[in-house]
Amino acid sequence: MNKASTTRLTILHKAFELVYANGYHATSVDDILATTHVTKGAFYYHFKNKDEMGIALIKEVLYPGMREALIKPLLHSSDSTSEIFQMMKALLQENSFFQVKYGCPAINLIEEMGGSHAGFRKALKGLFNEWQQALQKSIEQGKSSGQLRKDVNAQQVALFITTGYGGIRNLGKLFGKECYGIYLKELNVYLKGLIIIK
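This text gives an overview of the structure that appears in the document.

Focus: the packing of aromatic side chains
Describing an aromatic ring pair means giving the distance of the ring centres and the angle of the ring planes.
1) Next: Across all of its chains, the model carries eight aromatic pairs by this definition.
2) Next: Their ring planes at 65° and their centres at 5.4 Å tell us that Tyr 20 and Tyr 102 sit as a pair that is edge-to-face. Linking Tyr 20 in helix α1 (residues 3-22) with Tyr 102 in the loop between α5 (80-94) and α6 (105-114), this pair joins segments that are 82 residues apart in sequence.
3) Next: Of the residues examined, Tyr 102 reaches a relative accessible area of 22% and is grouped as partly exposed.
4) Next: Ring centres of Phe 43 and Tyr 44 lie 5.1 Å apart, and the angle between their planes is 80°; on these two criteria the pair is classed as edge-to-face.
5) Next: Relative accessible area serves as the criterion here: at 39%, Tyr 44 is assigned to the partly exposed category.
6) Next: One aromatic cluster in this structure is built from Phe 16, Tyr 20 and Tyr 102.
7) Next: Over the face of the ring belonging to Tyr 24 we find Lys 50, whose NZ or CZ atom lies 4.2 Å from the ring centre.

Below, the structure is given as structure tokens:
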């Protein structure tokens, strides 16, 4: 990796840390520069403005981390409900990428920027669409293999799971990690209800 690429990545990773902890609007370019020791000229060489940097942060920092945690565990699904549950459990209780007190960085950005900025909305929607598609594919594989009921609507299940995730991440900011366990217990009941009883 050349010096310019390293500088760009440094800016994005430090910006991610600040935005995750403090929010996008509360993080200024000067804040980012102070933690990276990168000059203003170098910042604007890589990004024409803060919003361009923010969208790059979603695509180049959030996407890889979220894909690893959300999508990769579902790519070769053989036991849909178990694999979805294990993915959610790992995401909520074992993933060191997230901090309970800050919630989910993607959900935070949806709340802060998704309704007011088309570029952020498009980038964040892309990430969640990919996750929902992976969930739907896993559910459809479960139906095809005879594990899940034929009347299960994969799109509805995927939306239910992703919205539940967003909600519990936000409640975790208030109630701590303990509420994750309660959510996971009920999610497990829900997922088991999709299975064909033999």
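Quick word on helix α8 (residues 154-175)
1) Next: In this model, α8 (22 residues) spans 31 Å end to end at C-alpha, consistent with the 32 Å of a helix rising 1.5 Å per residue.
2) Next: Buried residues belonging to α8 abut α5, α6, α7 (118-144) and α9 (178-192).
3) Next: Capping of α8 at its N-terminal end is provided by Asn 153; its side-chain oxygen lies 3.0 Å from the backbone amide nitrogen of Gln 155.

Side note on the nonpolar core
Inside soluble globular proteins, nonpolar side chains tend to come together where they are buried.
1) Next: With 63 residues, the main nonpolar core has Met 53, Met 87, Met 88, Leu 91, Leu 109, Trp 131 and Tyr 165 as its most contacted residues.
2) Next: Mapped onto this core, the elements with two or more residues apiece are α1, α2 (29-36), α4 (50-71), α5, α6, α7, α8 and α9.
3) Next: With 12 residues, α4 is the single largest residue contributor to this core.
4) Next: Once you skip the residues sitting within four places of it in the chain, Met 53 turns out to touch Ile 11, Leu 12, Ala 15, Ile 32, Phe 43 and Phe 47.

Observations regarding the packing of α6 against α7
1) Next: Direction vectors running N to C along α6 and α7 enclose 150°, while the axes themselves pass 10 Å from each other. Between α6 and α7, the angle falls in the class roughly antiparallel. The element α6 and its partner α7 pack so that their crossing is left-handed. Mapping the contact onto sequence places Ala 106, Ile 107, Leu 109, Ile 110, Met 113 and Gly 114 in α6 and Phe 120, Arg 121, Leu 124, Leu 127 and Phe 128 in α7.
2) Next: Across the contact of α6 with α7, the residue classes break down as nine nonpolar, one polar and one charged.

Some remarks on the environment of Lys 150
1) Next: Position of Lys 150 among the secondary structure elements: in the loop between α7 and α8.
2) Next: Judged by relative accessible area, Lys 150 falls into the exposed class, the value being 61%.
3) Next: For the pair Lys 150 and Leu 33, spaced 117 residues apart in sequence, the C-alpha to C-alpha distance is 54 Å.
4) Next: Separated by 2.9 Å, the side chain of Lys 150 and the backbone oxygen of Lys 143 make a polar contact.

Criteria and cut-off values
Residues numbered from 1 in each chain as written. Predicted model: local features only at pLDDT ≥ 70, side-chain atom pairs only at ≥ 80, totals over all residues. Heavy atoms only, no water. Phe/Tyr/Trp six-rings, centres within 6.5 Å; stacked < 30°, edge-to-face > 60°. Helix = DSSP H or I, 4+ residues; strand = E, 2+ residues; numbered from the N terminus. Buried < 20%, exposed > 50% of the residue type's maximum accessible area, 1.4 Å probe, protein only. Lys NZ or Arg CZ within 6 Å of the ring centre and 35° of its normal. Expected span 1.5 Å × (residues − 1). Contact = heavy atoms within 4.5 Å. Polar contact = N/O pair within 3.5 Å; in protein donor to acceptor, adjacent residues only side chain to side chain. Core = buried A, V, L, I, M, F, W, Y, C linked by side-chain atoms within 4.5 Å. Axes fitted to C-alpha atoms, helices over the stretch in contact; angles between N-to-C directions. Parallel < 35°, antiparallel > 145°, perpendicular 65-115°, else oblique. Left-handed = near helix turned anticlockwise from the far one by under 90°. Nonpolar A, V, L, I, M, F, W, Y, C, P; charged D, E, K, R; others polar.

Read these as spatial facts, not as claims about activity.
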